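Structural overview for review
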Amino acid sequence: DGGITQSPKYLFRKEGQNVTLSCEQNLNHDAMYWYRQDPGQGLRLIYYSQIVNDFQKGDIAEGYSVSREKKESFPLTVTSAQKNPTAFYLCASRRGTKETQYFGPGTRLLVL
Amino acid sequence: GIQVEQSPPDLILQEGANSTLRCNFSDSVNNLQWFHQNPWGQLINLFYIPSGTKQNGRLSATTVATERYSLLYISSSQTTDSGVYFCAVERGNNRLAFGKGNQVVVIP
């Protein structure tokens, strides 16, 4: 099946820990995106990548890091520097500019 | 950055009713999408509609780019239409800006 997968579905983190969220797509899309959603809010862009080995900061990149070593994969690391990491994280991809973005099922991160 | 405002923020509908959701944006755009977020959090694409009108079953959308707004119509609503509807726009910087959404509840 073609699509975007995210893992894990739920993630618990202790304060001071770094955690990595996985995002994989087999749609052969060039561009990939990470968003954060807080309760009752819209999505805010964390990082995005338009090609392999290149990525740009979004609106709320502080406390997060990414890599894009393969076209299919765009992992997001939530570092201990992110002071309020509890949120719903969504990954998206699209083939190119002026194209539809498609979303994965999301990962819910809870800091204990 | 570009501002996106959606109205109404909350809407309760009787099953079978029709409704209109509105998205206003503050600048010209070259991409506009409508999404439906289901109760499990999954975002489903509804329309890619930077201008014009499109229909898909009971849903239709119209974007008037020159007046900077888009409308999403839901006809003969069903309980499965419940969820949050998001409008997102792009201004040519490869980044979507999202509104805060329209929370829709359809009661049987």
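Anything mentioned here points back to the structure above.
Our subject in this report is the structure included herewith. Numbers given for residues are sequential positions, taken from 1 along each chain in its written order. Working convention: letters from A go to chains and numbers from 1 go to ligands, in the order in which they are written. Confidence filtering applies because this is a predicted model: local features only for residues at pLDDT of at least 70, side-chain atom pairs given and counted only at 80 or more, and all residues used for totals across whole chains, interfaces and linings. The side-chain numbers reported here are obtained from all heavy atoms of the structure, hydrogens and water having been left aside.

Within chain B, the secondary structure is distributed over zero helices and eleven strands. Under the DSSP-based scheme used, a helix requires at least four consecutive residues in state H or I and a strand at least two consecutive residues in state E, with every element numbered from the N terminus. Shown N-terminal to C-terminal, the secondary structure of chain B runs as helices and strands in the order β-β-β-β-β-β-β-β-β-β-β. Here chain B holds 108 residues, and 49% of them are scored as buried. When contacts within chain B are restricted to residue pairs at least 6 apart in sequence, those whose partners lie at least 24 apart make up 54%. For chain B, the exposed area adds up to about 5100 Å²; of that, 49% sits on carbon and sulfur atoms. Taking the average place of the 7 positive charges on the side chains of chain B and the average place of its 7 negative ones, the gap between the two points comes to 7 Å. Type-normalised accessible area, obtained with a 1.4 Å probe on protein chains alone, sets the label of each residue: buried when under 20%, exposed when over 50%, and partly exposed for intermediate values. Should any heavy atoms of two residues lie within 4.5 Å, those residues are considered in contact. Only the protein chains shown count as covering a residue, and every accessible area follows the Shrake-Rupley method with a 1.4 Å probe. Positive residues here are Lys and Arg, negative ones are Asp and Glu, while His and the chain termini are left out of the count. All charge positions are set by atom: Lys at NZ, Arg at CZ, Asp at CG, Glu at CD.

This next bit is on the environment of Glu24 of chain A. Residues and elements named next belong to chain A. Structurally, the position occupied by Glu24 is in strand β3 (residues 19-25). Distance from Glu24 to Ile4, taken between C-alpha atoms, is 5.7 Å for residues 20 residues apart in sequence. Each residue touching Glu24, except ones within four places of it in the same chain, is listed here: Gly3, Ile4, Thr5, Glu72 and Ser73.

Turning to the pairing of strand β3 (residues 19-25) of chain B, a few remarks are in order. Residue and element names in this part refer to chain B. Going residue by residue along β3, you find Ser19, Leu21, Cys23 and Phe25 tucked away on one face and Thr20, Arg22 and Asn24 left uncovered on the opposite face. Pairing analysis gives four bridges linking strand β1 (residues 4-7) to β3, with the strands arranged antiparallel. Directly across from Gln6, in β3, lies its bridge partner Cys23. In this scheme, strands are said to pair when DSSP sees at least two bridges between them. Of the strand pairs in this sheet, β3 and strand β8 (residues 69-74) are connected by six bridges, and their pairing is antiparallel. For Cys23, the partnering residue across the bridge sits in β8 and is Ser70.

A word on unusual backbone geometry. Peptide bonds are, in most cases, trans, and in most cases residues other than glycine have a negative phi. A cis amide bond links Ser7 of chain A to the next residue, Pro8 of chain A, at an omega of -5°. For Pro8 of chain A, the position within the fold is in the loop between β1 (4-7) and β2 (10-13). Looking along the chain, the bond that leaves Ser7 of chain B and enters Pro8 of chain B is cis, with omega of -10°. Within the fold, Pro8 of chain B resides in the loop between β1 and β2 (10-14).

A common way to state how big an interface is: give the accessible area lost once the parts meet. Listed per partner, the contact involves 26 residues of chain A and 20 residues of chain B. Taking both partners together, chain A and chain B bury about 1700 Å²; carbon and sulfur atoms supply 45% of that area. Summed over the three residues of chain A that lose the most area to chain B, namely Leu43, Lys98 and Phe103 of chain A, the buried surface amounts to 26% of that side. We count a salt bridge whenever a side-chain nitrogen from Lys or Arg sits within 4 Å of a carboxyl oxygen from Asp or Glu. Our enumeration of links across chain A and chain B arrives at two salt bridges. Here Asp59 of chain A and Arg95 of chain B are joined by a salt bridge, their closest N and O atoms 2.4 Å apart. When contributions to the side of chain A that touches chain B are tallied by element, the ones reaching two or more residues are β4 (31-37), β5 (43-51), β9 (87-94) and β10 (102-103) of chain A. It is β5 of chain A that contributes the most residues to the side of chain A that touches chain B, four residues altogether. Looking at side-chain class alone, the side of chain A that touches chain B contains ten nonpolar, ten polar and six charged residues. Using a 1.4 Å probe, buried area is obtained as the accessible area two parts lose upon being combined, added over both of them. Only Asp, Glu, Lys and Arg are considered charged, only Ala, Val, Leu, Ile, Met, Phe, Trp, Tyr, Cys and Pro nonpolar, and every remaining residue, Gly among them, polar.

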